[in-house]
Amino acid sequence: MKQVLIDRYGTPWEVARCADVPDVGEPAADEVVFDVLAFPINPADMWFCKGSYRLKPPLPATPGAECVGRVTAVGSAVTHVKKGDLVINLQRENWAQKRRVKGNDAIPLPAGIDLRQAAMVRINPPTAQLMLQDFVDLKPGEWVIQNVANSAVGRLLIVLAKQRGLRTVNVVRRPDLEAELKSLGADLVVVDDDDLAARVAKGTGDAAIRLGVEAIGGRATGRIVECVATEGTVVHYGSMSGEDPVVTRSNFIYRGIKLTGFMLGRGLAKRSPEKIREIYADLGGQVLAGKLHAPVDTVYPIEKIKEALAHADKGGRNGKILVAPNGPV
């Protein structure tokens, strides 16, 4: 079978290669084997190849935080999935034609779901959902503020917040994104700048915003903090700038702001396998119904992983870059 390997860290399309490796073999009693039908190239995968991600396993290593697959074999002790089911995998190393994983790591998705969309269910939809529900008990009509609002997580958060009756302030870098985000349900779209807090206050009628969601770091974190009400919470889940959050201490001392972090693995670890499957069943159903959607730019075969990685690094794309290891999807 074919599998992507990196033998050193560096420029992703220079260090990644498509290799022939031994087949994964038959599942043990508590395992599942599936063919990988599609996987996306995420920013974390690019950082993994560069050696700048938090995980640095021994080399050679295989990237791949998410995928969708079809089950080909099931161990005797596994009862929640069967041969032919579509699954996502909670473990990594998914840039391959086949995977063999523990049964509880194989999460079923509804039959008929679009395979391209299914490949992107594992990380971004639950990230948006859990950030909305795990930190602040928000009531319908309340506001949430986020930056990087045009990202995959940002777009999903707009839709999921609207379903809960919440209103969103969406901070972006370009004004031309306003119409597109409002078509998803965004209530207010503002361009990031030093006077962000004043413009957000005006746009929301001085609403007390109790939850902020932030993925840039540096001074951008501080600007989101300034928009949040006294004793509000800001959740930092990424650092597109590569900088640590910069927040003035007066926000903590005098306003009691809580700055915390989110990582999906930690959020899921608090839940039982049954609850995790419930979360993904709900999200998968919403994808199947067309309520949740993420744009896809191009799908490459696994043999062209270098071209796919180079494309994923370019600006101006119209969505995710996907790879289909076992034929077109």
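Residues numbered from 1 in each chain as written. Predicted model: local features only at pLDDT ≥ 70, side-chain atom pairs only at ≥ 80, totals over all residues. Heavy atoms only, no water.

What is the right way to read the side chain of Asn-147 from this model?
On the secondary structure map, Asn-147 appears in strand S8 (residues 143-147). Of the residues examined, Asn-147 reaches a relative accessible area of 1% and is grouped as buried. Reaching out from Asn-147, the side chain makes a polar contact with the side chain of Glu-214 at a distance of 3.0 Å. In contact with Asn-147, not counting residues within four places along its chain, are Val-171, Val-213, Glu-214, Ala-215, Ile-216, Ala-220 and Ile-224. (Helix = DSSP H or I, 4+ residues; strand = E, 2+ residues; numbered from the N terminus. Buried < 20%, exposed > 50% of the residue type's maximum accessible area, 1.4 Å probe, protein only. Polar contact = N/O pair within 3.5 Å; in protein donor to acceptor, adjacent residues only side chain to side chain. Contact = heavy atoms within 4.5 Å.)

It is not clear to me how the pairing of strand S5 (residues 86-89) should be interpreted in this structure. Could you clarify?
On any regular strand, side chains alternate: one points to one face of the sheet, the next to the other face. By the alternation rule, side chains of S5 split into Leu-86 and Ile-88 and Val-87 and Asn-89, which are all buried. Here strand S4 (residues 68-74) runs beside S5; their pairing, made up of three bridges, is antiparallel. Each residue of the ladder has a partner; that of Gly-69, found in S5, is Val-87. Sheet topology places S5 next to strand S7 (residues 106-109); four bridges connect them, and they run antiparallel. Pairing of Val-87 across the sheet is with Pro-108, part of S7. (Pairing = 2+ DSSP bridges.)

I would appreciate a short explanation of the sheet that holds S8 in the present structure.
Where strands meet in a sheet, backbone hydrogen bonds hold them as pairs that are either parallel or antiparallel. The strand order S10-S9-S8-S11-S12-S13 describes an open sheet built from six strands, whose pairing is parallel. Each having just a single partner strand, strand S10 (188-191) and strand S13 (258-261) make up the two edges of the open sheet. Between one strand axis and the next, the sheet turns by 20 degrees as a mean value, whatever way the strands run. Contacts from helix H7 (residues 196-204) reach S8, strand S9 (167-172) and S10, with the element oriented near 160 degrees to S10. Against the sheet, helix H8 (residues 219-227) makes contact with S8, S9, strand S11 (211-214), strand S12 (233-236) and S13, and its axis sits at roughly 170 degrees relative to S8, the strand it touches most. (Axes fitted to C-alpha atoms, helices over the stretch in contact; angles between N-to-C directions.)

Looking at this structure, I do not really get the layout of surface pockets. What am I missing?
Any empty space left between the atoms is revealed when a probe the size of a water molecule rolls over them. Estimates place the volume of the second largest pocket at around 240 Å³. At three residues, the largest contribution of residues to the lining of the second largest pocket is made by helix H2 (residues 43-50). Of the residues in the lining of the second largest pocket, the class split is nine nonpolar, three polar and five charged. (1 Å grid on protein atoms, 1.4 Å probe; cavity = no way out; pocket = protein on both sides within 12 Å on 5 of 7 lines; lining within 4 Å. Points joined across faces, edges and corners; volume = space filled by probe spheres on them. Nonpolar A, V, L, I, M, F, W, Y, C, P; charged D, E, K, R; others polar.)

How should the pattern of salt bridges be read in this particular structure?
Pairs can form between side chains of opposite charge once their charged atoms are near each other. This structure, assessed with the given rule, holds 17 salt bridges. The partner of Asp-7 in a salt bridge is Arg-17, and the shortest N-O contact between them spans 2.6 Å. With Asp-7 in the loop between strand S1 (2-6) and helix H1 (12-15) and Arg-17 in strand S2 (residues 16-20), this residue pair connects regions lying 10 residues apart in the sequence. With a closest N to O distance of 3.1 Å, Asp-176 and Arg-174 form a salt bridge. (Salt bridge = Lys/Arg side-chain N within 4 Å of Asp/Glu carboxyl O.)

Sorry, what's going on with the environment of Thr-204 here?
Inspection of the secondary structure puts Thr-204 in helix H7. With a relative accessible area of 11%, Thr-204 lands in the buried category. Apart from the residues within four sequence positions on either side, Thr-204 is in contact with Trp-143, Val-169 and Leu-188. Here Val-200 takes part through its backbone oxygen, which lies 2.9 Å from a polar atom of the side chain of Thr-204.

What am I meant to see in the environment of Pro-295 here?
Its location among the elements puts Pro-295 in the loop between helix H11 (273-288) and strand S14 (296-301). A relative accessible area of 32% means that Pro-295 is categorised as partly exposed. C-alpha of Pro-295 to C-alpha of Arg-223: the two residues are 72 residues apart in sequence and 29 Å apart in space. For Pro-295, the residues in contact, after removing those within four places along its chain, are Asn-318, Gly-319 and Lys-320.

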